[in-house]
Amino acid sequence: PELQAIEKLKQAIAVLRKWYASFHEVKRQIAKDSENSGMAQWNFERKLLFDKTTYMAEACETLMNMVKTSHQFRNFLGKELQNVTGDSKAIEKVRKEVDESLRPIRTLRFSIFDEMYNKMWRDVQERYQNQVLSIERRCNSLINESFKK
């Protein structure tokens, strides 16, 4: 499911970025045509046109990075690490921590795409980053302990 989520998020980012590029391409073409025909320029307030989609693309990128990080942890915490450390219980415990790290994102009660909730979204991101640091420490500890044996 993580790889599917990453792919969907990539598509969403591409669509949101394409809007910006398409608008400017059409605007450029209209400006070129207006030079020849004497038509008025095509001017709109940038903030109204792009702030929301830019914010949404950034939220998608953040979410995609979170999912990628969790996916990388899951790959790292696989059979090979179990073979190296010989401690499948400890690895399973860390894998559960990885699963738990995304739970707040799966159960959000607000839209990450609504700037009104930006502070709450940043708080969720900060908690996630703290969990990532904790998971990294536990992974390092697993590896270090395996070399002490």
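Above this note sits the structure.
Here goes a summary of the coordinates provided.

Rules and cut-offs
- Residues numbered from 1 in each chain as written.
- Predicted model: local features only at pLDDT ≥ 70, side-chain atom pairs only at ≥ 80, totals over all residues.
- Heavy atoms only, no water.
- Helix = DSSP H or I, 4+ residues; strand = E, 2+ residues; numbered from the N terminus.
- Buried < 20%, exposed > 50% of the residue type's maximum accessible area, 1.4 Å probe, protein only.
- Contact = heavy atoms within 4.5 Å.

Moving on to the environment of K93. Locating K93 in the fold gives a position in helix α4 (residues 88-106). It is 9.8 Å that separates the C-alpha atoms of K93 and R138, two residues lying 45 residues apart in sequence.

Turning next to the side chain of H71. Along the polypeptide, H71 turns up in helix α2 (residues 46-76). Classification of H71 as buried rests on a relative accessible area of 18%. Look past the residues within four positions of H71 in its chain and what remains in contact with it is E2 and L3.

Below, the discussion takes up the side chain of R74. Turning to its location among the elements, R74 is positioned in helix α2. Residue R74 is classed as buried on the basis of its relative accessible area, which comes to 17%. If near-sequence neighbours (up to four positions away) are discounted, R74 is found in contact with E2, R95, V98, D99, L102 and R106.

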